[in-house]
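# Observations on the model geometry
Residues per chain are reported as follows:
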Amino acid sequence: AGTDAMNRDLRHGGALDAMSAAYPDTQKPWIDLSTGINPWPYPEASISEQALTRLPTRTFYTECRDAMAAAIGAQPESLLLSSGSEVLIRLLPDVLSPARVAILQPIYADHIEAWSRTGADIIQTDDPLAYAASVDAIVLSHPNNPDGRLFDYDALSATLTKLRARGSWLIIDEAYADLAPELSFAPRGGEDNLIILRSFGKFYGLPGLRLGGVLAPERVRRALADRLGVWPVSGAALEIGARAYRDVAWQQQMRARLVEGAARLDEILKAAKMKRVGGTHLYRFVEVESAHEVFDTLAKAGIYVRRFDWSPTHLRIGLPPTADAETRLKEALSL
């Protein structure tokens, strides 16, 4: 399991093709708990012929944007849609060109990679807010991936004020904020020196659709729009996204279902004497001795969890999608 192909899973999880090649004799089917994505996706994912056979219209785009803005409590004018938040993570350093950036550690790995490519001085820290008086940008996730860490709203607001006074930026990745809308800064989207990234795929369970957005001041939105091009989002993503964002009843029911699923996962982890040290209602972040050995044991049982190259003692485990998957996880952890 030490091949270059296998190591791809260290960046994001989800590399089920590499896992299958590395563990060809494992139990099937695979249970992929490595991505922290909702295992119960939004069900109304049909698309019209128009969405596939015509170029995405401005009307399609606006309908999806307005639905997303309403769902997250933002002003539509503050929001720019994209094909997922990943592309925005890659483009922001070019748009902002900061000299010194403080980035929360640990965090989704692509943030560090994207900002490092600019040649900026990168400070990886568990207390990025402490650098508000000395950096050009602070980058954090809220809730954080992978450990689910939360920041005090007033502390974030005070940090934004300090950064704004010196022309610096607060960048918040809210990929998991649909789980806890009350924590989101989306209602303040468009304010000076504040950039908020949003992702559709995590909560709605449709990451392959590639839909996301950024809330930012007009000049940043314009610069990003120039780079994203004329058709930044597919017709299929716009159509399904608009439908899902309008479906408030599904959103409320799903939040309750995820709470229940996370509680069941907690019981499995507790029985296995695994220490939960963080997470969200889509995944749990656990501390174990020899995490990579546990990863290997689970992989041999056909269960794929998230490991990290920066920690030999931590794993992230997503929600099992079925009762059978829960049973298989419980049995594999007892080996």
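Structure: see above.
Read on for an overview of the structure. (Residues numbered from 1 in each chain as written. Predicted model: local features only at pLDDT ≥ 70, side-chain atom pairs only at ≥ 80, totals over all residues. Heavy atoms only, no water.)

### Let's talk about the packing of aromatic side chains
Within this structure, the stated rule accounts for 13 aromatic pairs. With 5.1 Å between their ring centres and 90° between their planes, Tyr 42 and Trp 250 make a pair best called edge-to-face. Remark: Trp 250 occurs in helix 11 (residues 248-271) and Tyr 42 occurs in the loop between strand 1 (31-32) and helix 3 (49-53); sequence separation between them is 208 residues. Assigned by exposure class, Tyr 42 and Trp 250 land together as buried. Taken together, the aromatic side chains of Tyr 42, Phe 200, Phe 203, Tyr 204, Tyr 245 and Trp 250 make up a single cluster linked through ring pairs. The lysine or arginine in question, Arg 307, covers the ring of Phe 295, its NZ or CZ lying 4.7 Å from the ring centre. For the cation-ring pair, Arg 316 lies above Tyr 283, with the distance from its terminal atom to the ring centre recorded as 5.2 Å. (Phe/Tyr/Trp six-rings, centres within 6.5 Å; stacked < 30°, edge-to-face > 60°. Helix = DSSP H or I, 4+ residues; strand = E, 2+ residues; numbered from the N terminus. Buried < 20%, exposed > 50% of the residue type's maximum accessible area, 1.4 Å probe, protein only. Lys NZ or Arg CZ within 6 Å of the ring centre and 35° of its normal.)

### Let's talk about the packing of helix 11 against helix 13 (residues 323-333)
For the pair helix 11 and helix 13, interaxial distance at closest approach is 9 Å and the crossing angle is 20°. On the basis of the axis angle, helix 11 is roughly parallel to helix 13. Judged by the sense of rotation from one axis to the other, the crossing of helix 11 with helix 13 is right-handed. Contacts between helix 11 and helix 13 involve Arg 264, Leu 265, Ile 268 and Leu 269 from the first element and Glu 326, Leu 329, Lys 330 and Leu 333 from the second. Residues of the contact of helix 11 with helix 13, tallied by class, amount to five nonpolar, no polar and three charged. (Axes fitted to C-alpha atoms, helices over the stretch in contact; angles between N-to-C directions. Parallel < 35°, antiparallel > 145°, perpendicular 65-115°, else oblique. Left-handed = near helix turned anticlockwise from the far one by under 90°. Contact = heavy atoms within 4.5 Å. Nonpolar A, V, L, I, M, F, W, Y, C, P; charged D, E, K, R; others polar.)

### Section: the sheet that holds strand 9 (residues 275-280)
With antiparallel pairing, the four strands of this open sheet are ordered in space as 9-10-13-12. In this open sheet, the two edge strands, each paired with only one partner strand, are strand 9 and strand 12 (306-308). With strand direction ignored, the average angle separating the axes of adjacent strands in the sheet is 25°. Looking at chain direction, strand 12 and strand 13 (residues 311-318) are connected through two bridges and run antiparallel. (Pairing = 2+ DSSP bridges.)

### Considerations on empty space enclosed by the protein
Counted according to the given criterion, the structure contains one cavity of 30 Å³ or more. Volume-wise, the largest cavity comes out at about 40 Å³. For the largest cavity, the full set of lining residues is Ala 71, Ile 72, Ala 177, Asp 178, Pro 181, Ser 184, Arg 198 and Arg 255. In terms of residue class, the lining of the largest cavity is built from four nonpolar, one polar and three charged. (1 Å grid on protein atoms, 1.4 Å probe; cavity = no way out; pocket = protein on both sides within 12 Å on 5 of 7 lines; lining within 4 Å. Points joined across faces, edges and corners; volume = space filled by probe spheres on them.)

### Digging into the sheet that holds strand 5 (residues 137-141)
Spatially, 2-8-7-6-5-3-4 is the arrangement adopted by the seven strands of the open sheet, whose pairing is mixed. The open sheet is flanked by strand 2 (79-82) and strand 4 (121-125), the only strands paired with a single partner. Each adjacent strand pair in this sheet contributes to an overall mean axis angle of 20°, direction not counted. Bridging between strand 7 (residues 194-199) and strand 8 (residues 212-215) involves four bridges; their strand directions are antiparallel. Across the sheet, residue Leu 197 finds its bridge partner in strand 8, namely Val 214. Against the sheet, helix 4 (residues 58-72) touches strand 2, strand 7 and strand 8, its axis set at about 120° to strand 2.

### Overview of the packing of helix 5 (residues 86-96) against helix 9 (residues 218-228)
Running from N to C, helix 5 and helix 9 point in directions that differ by 120°, and their axes come no closer than 10 Å. Classified by the angle between their axes, helix 5 and helix 9 sit oblique to one another. The interaxial crossing formed by helix 5 with helix 9 has right-handed handedness. The residues of helix 9 that touch helix 5, namely those facing Val 87, Leu 88, Leu 91, Leu 92, Asp 94, Val 95 and Leu 96, are Val 220, Ala 223, Leu 224, Arg 227 and Leu 228.

### Focus: unusual backbone geometry
Between Gln 105 and Pro 106 the backbone carries a cis peptide bond, its omega angle lying at 0°. For Pro 106, the location among the structural elements is in the loop between strand 3 (100-104) and helix 6 (109-116). At the junction of Asn 145 and Pro 146, the peptide bond is cis and its omega measures out at 25° in the coordinates. Turning to its location among the elements, Pro 146 is positioned in the loop between strand 5 and helix 7 (153-165). In the Ramachandran plot, Arg 210 falls in the positive-phi region, its phi being about 60° despite a non-glycine side chain.

That is the geometry; function is a separate question.
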